[in-house]
Amino acid sequence: MSLSSQEVVDLNKRLNYGTWKVQNLWSPLHVADAEGCYFIDGNGKKYLDLSAQLICVNLGYKNKAVIEAIEKQARTLPYIAPGFATEARAELSQLLLEVLPTGLNKFFFTTSGTDANEAAVKIARMYTGKSKIISRYRSYHGSTTTSIALTGDPRRWPAQPVGTGQATIFAPEVNCYDCPIKHTYPSCNVACVDYVEHMIENENDVAAVFMEPIVGTNGVLVPPAEYFPRLREICDRHGVLLIADEVMTGWGRTGQWFAMNHWNVTPDILVTAKGITSAYMPLGLCATNSKIAAHFDDHLFAHGHTYEAHPMTLAPAVATIHEMQRLGLVERSREMGEYLGSKLRELKKKHVSIGDVRGMGLFWGVELVKNQKTKEPMNTKREKIESKPLIVDKVAGAMMKEGVSVISWISHFVIGPPLIIEKSEIDFAIQVMDRALEIADREVESVEQTVAVP
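The following refers to the structure shown. In this text, all values refer to a predicted model and were calculated from it rather than measured experimentally. (Residues numbered from 1 in each chain as written. Predicted model: local features only at pLDDT ≥ 70, side-chain atom pairs only at ≥ 80, totals over all residues. Heavy atoms only, no water.)

## Remarks on unusual backbone geometry
Moving on, step 1. Cis geometry is found at the peptide bond from Gln-160 to Pro-161, where omega equals -5°.
Moving on, step 2. Positionally, Pro-161 belongs in the loop between α6 (145-150) and β6 (168-171).
Moving on, step 3. Cis geometry is adopted by the peptide bond preceding Pro-186, which originates at Tyr-185 and carries an omega value of 10°.
Moving on, step 4. The topology assignment puts Pro-186 in the loop between β6 and α7 (191-203).
Moving on, step 5. Its identity is not glycine, yet Trp-251 carries a phi of approximately 65°, on the positive side.
Moving on, step 6. The class of Trp-251 is buried, set by a relative accessible area of 0%. (Helix = DSSP H or I, 4+ residues; strand = E, 2+ residues; numbered from the N terminus. Buried < 20%, exposed > 50% of the residue type's maximum accessible area, 1.4 Å probe, protein only.)

## Here's the deal with the packing of helix α13 (residues 391-401) against helix α14 (residues 423-436)
Moving on, step 1. Look at α13 against α14: their axes get within 9 Å of each other, and the N-to-C directions meet at 130°. With respect to each other, α13 and α14 are oriented oblique. Between α13 and α14 lies a crossing whose hand is right-handed. Contacts between α13 and α14 involve Val-395, Ala-398 and Met-399 on the former and, on the latter, Ala-429, Val-432, Met-433 and Ala-436. (Axes fitted to C-alpha atoms, helices over the stretch in contact; angles between N-to-C directions. Parallel < 35°, antiparallel > 145°, perpendicular 65-115°, else oblique. Left-handed = near helix turned anticlockwise from the far one by under 90°. Contact = heavy atoms within 4.5 Å.)

## Overview of the sheet that holds strand β9 (residues 269-272)
Moving on, step 1. An order of β4-β10-β9-β8-β7-β5-β6 is seen for the seven strands of this open sheet, with the pairing classed as mixed. Each of the sheet's edge strands pairs with one partner strand only, and the pair in question is β4 (104-110) and β6. Along the sheet, successive strands turn relative to each other by an average axial angle of 20°, direction set aside. (Pairing = 2+ DSSP bridges.)

## Quick look at the side chain of Glu-212
Moving on, step 1. Tracing the backbone through its elements, the reader meets Glu-212 in the loop between β7 (206-211) and α8 (227-238).
Moving on, step 2. Here Glu-212 is in contact with Arg-136, Arg-138, Ser-139, Tyr-140, His-141, Phe-228 and Asp-245, once residues within four sequence places are set aside.

## Examining the packing of aromatic side chains
Moving on, step 1. Inspection of every chain in the model, using the stated rule, returns eleven aromatic pairs.
Moving on, step 2. Ring geometry for Trp-20 against Tyr-140: centres 6.3 Å apart, planes inclined by 85°, an arrangement best described as edge-to-face. Placement of Trp-20 in the loop between α1 (5-15) and β1 (31-35) and of Tyr-140 in the loop between β5 (132-136) and α6 is noted, with a sequence separation of 120 residues between them.
Moving on, step 3. For Trp-20, a relative accessible area of 46% corresponds to the partly exposed category.
Moving on, step 4. Ring centres 6.4 Å apart and planes at 50° place the aromatic pair Phe-107 and Phe-109 in the tilted group.
Moving on, step 5. Put simply, the rings of Phe-108, Phe-296 and Phe-301 pair up and form one aromatic cluster.
Moving on, step 6. In this structure, Lys-46 is placed above the aromatic ring of Tyr-38, and the distance from its NZ or CZ to the ring centre is 4.4 Å.
Moving on, step 7. A cation over an aromatic ring shows up here: Lys-375 above the ring of Tyr-177, its NZ or CZ 4.7 Å from the ring centre. (Phe/Tyr/Trp six-rings, centres within 6.5 Å; stacked < 30°, edge-to-face > 60°. Lys NZ or Arg CZ within 6 Å of the ring centre and 35° of its normal.)

## So, empty space enclosed by the protein
Moving on, step 1. According to the stated counting rule, one finds two cavities of 30 Å³ or more in the structure shown.
Moving on, step 2. Considered as a void within the structure, the largest cavity measures approximately 90 Å³ in volume.
Moving on, step 3. What lines the largest cavity is a set of 13 residues, and nearest its centre among them are Cys-176, Cys-179, Tyr-185, Cys-188 and Cys-192.
Moving on, step 4. Taken together, the residues of the lining of the largest cavity sort by class into ten nonpolar, three polar and no charged.
Moving on, step 5. In this model, the second largest cavity occupies a volume close to 30 Å³.
Moving on, step 6. In terms of lining, the second largest cavity is formed by Val-121, Arg-125, Ile-133, Thr-146, Ala-149, Leu-150, Gly-165, Gln-166 and Thr-168. (1 Å grid on protein atoms, 1.4 Å probe; cavity = no way out; pocket = protein on both sides within 12 Å on 5 of 7 lines; lining within 4 Å. Points joined across faces, edges and corners; volume = space filled by probe spheres on them. Nonpolar A, V, L, I, M, F, W, Y, C, P; charged D, E, K, R; others polar.)

## Description of α13
Moving on, step 1. Within α13 the residues assigned to the buried category are Ile-391, Val-392, Val-395, Ala-396, Ala-398 and Met-399. The buried residues of α13 occupy an angular sector of 155° when the element is viewed end-on, so they sit on one face.
Moving on, step 2. Of the residues flanking the end of α13, it is Gly-403, one or two places downstream, whose phi is positive at about 90°. (Arc of directions from axis to C-beta.)

## With respect to the pairing of strand β10 (residues 284-289)
Moving on, step 1. β10 sits mainly inside the fold: six of its six residues count as buried.
Moving on, step 2. Going residue by residue along β10, you find Gly-284, Cys-286 and Thr-288 tucked away on one face and Leu-285, Ala-287 and Asn-289 tucked away on the opposite face as well.
Moving on, step 3. As defined by bridge partners, β4 adjoins β10 across six bridges and the pair is classed as antiparallel. In the strand pairing of β10, Phe-109 is matched with Leu-285.
Moving on, step 4. In this sheet, β10 lies alongside β9 in antiparallel orientation, the contact comprising four bridges. If you follow Ile-269 over to β10, its bridge partner there is Thr-288.

## So, the nonpolar core
It is characteristic of soluble globular proteins that their nonpolar side chains tend to be buried jointly.
Moving on, step 1. One finds Leu-344, Phe-413 and Ile-415 to be the most contacted residues of the largest nonpolar core, which totals 75 residues.
Moving on, step 2. Discounting chain neighbours no more than four positions away, the residues touching Leu-344 are Val-357, Trp-364, Val-366, Ile-415, Ile-430 and Met-433. (Core = buried A, V, L, I, M, F, W, Y, C linked by side-chain atoms within 4.5 Å.)

## Some remarks on the side chain of Thr-249
Moving on, step 1. Note on placement: Thr-249 falls in the loop between β8 (241-245) and β9.
Moving on, step 2. Here the side chain of Thr-249 touches Glu-246 through a polar contact of 2.7 Å, side chain to side chain.
Moving on, step 3. Dropping the residues within four chain positions of it, Thr-249 is found in contact with Pro-213, Ile-214, Thr-254, Trp-257, Phe-258, Ala-259 and Phe-363. (Polar contact = N/O pair within 3.5 Å; in protein donor to acceptor, adjacent residues only side chain to side chain.)

Written as structure tokens, this is what we have:
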């Protein structure tokens, strides 16, 4: 079957749903190939992938060792039901004990981060006998009934009330640039974490606190160093589980194997996906401590699915971990992240539309504002969910025309390139972003002129 690039696009659009899109506005790009830090469209144009697709292609495209692991597993054992023992599961489980935060030593394998989050909530509720989960407003945890209920961003709104699970409550996010409870760090003494304790004390029946260590799609919000150690103490004091969603932040993305390591905090449950196979195969992980695991020694573990611990997903995870170790990518993320961060901060000095630049390792957010003093965002959540034109999308579109792809969301960019990116590639991306940001700068000038009119 030989199709033109346009025929590929037309068939994809006509016969498939575009996720998180008003379907009449979906116009997908035909991607035909990819290699290294680049993907290539149906006409042969190359795009530097500044966000590793969805912050997941950590090794870049076409890593030979991972591809060979997939090929070998397909020839050896392409599938077996999860009730059987496999070499792939044994080998991966041993490796996980080396790289996960110490104390997380019982695993449930899924096929996505969403599935892993569903498992984590179910485990937490079975173990504690409690029902409520505390999440945060600026968060994303998945699209299924329970995980979308955990999600604080506006993608939850269309699903309510019938499409979301019950017993989730929301705390304010930690955002020291634009605090949702109007405090200023450090004089606030991290009041947002005290607010979580206030919720636990007044809600009762709280099974777990469920948080991204560094908020991902919703702004790459980096907490102050005190936040998670304090939260760990609060959870322990009240007998509440701490669950870390490391779907984006895991696998070297922030300059540690897992972001919770930055603060020497071990959660009771850690969920991850994406970079675990560099997205070459769909795999998620829910990891718990031994205390939780012991509960199920004599209680039914009432969870499972057909593709749990699918050998075709586990073998590339083993290869991915070995490749990360061989290439020193965790250390490289720290080194290249410092370089990327410095370049982004230079952009902030040049562009009146940039309100804040923040990040760790090779995980950065660039926030656009109408006014640097008031911090008014360039666009709103309501405009996003109603598919209104957004300035960040216009800037991202201009960058695509020059061969750089980046995630844009409401009023910010989420930057997380493959961990193999070179400084010369960062320089190229920054030059392209520099030119494209003129679109946003003109919008700021327009706003200022409008305000100035009597």
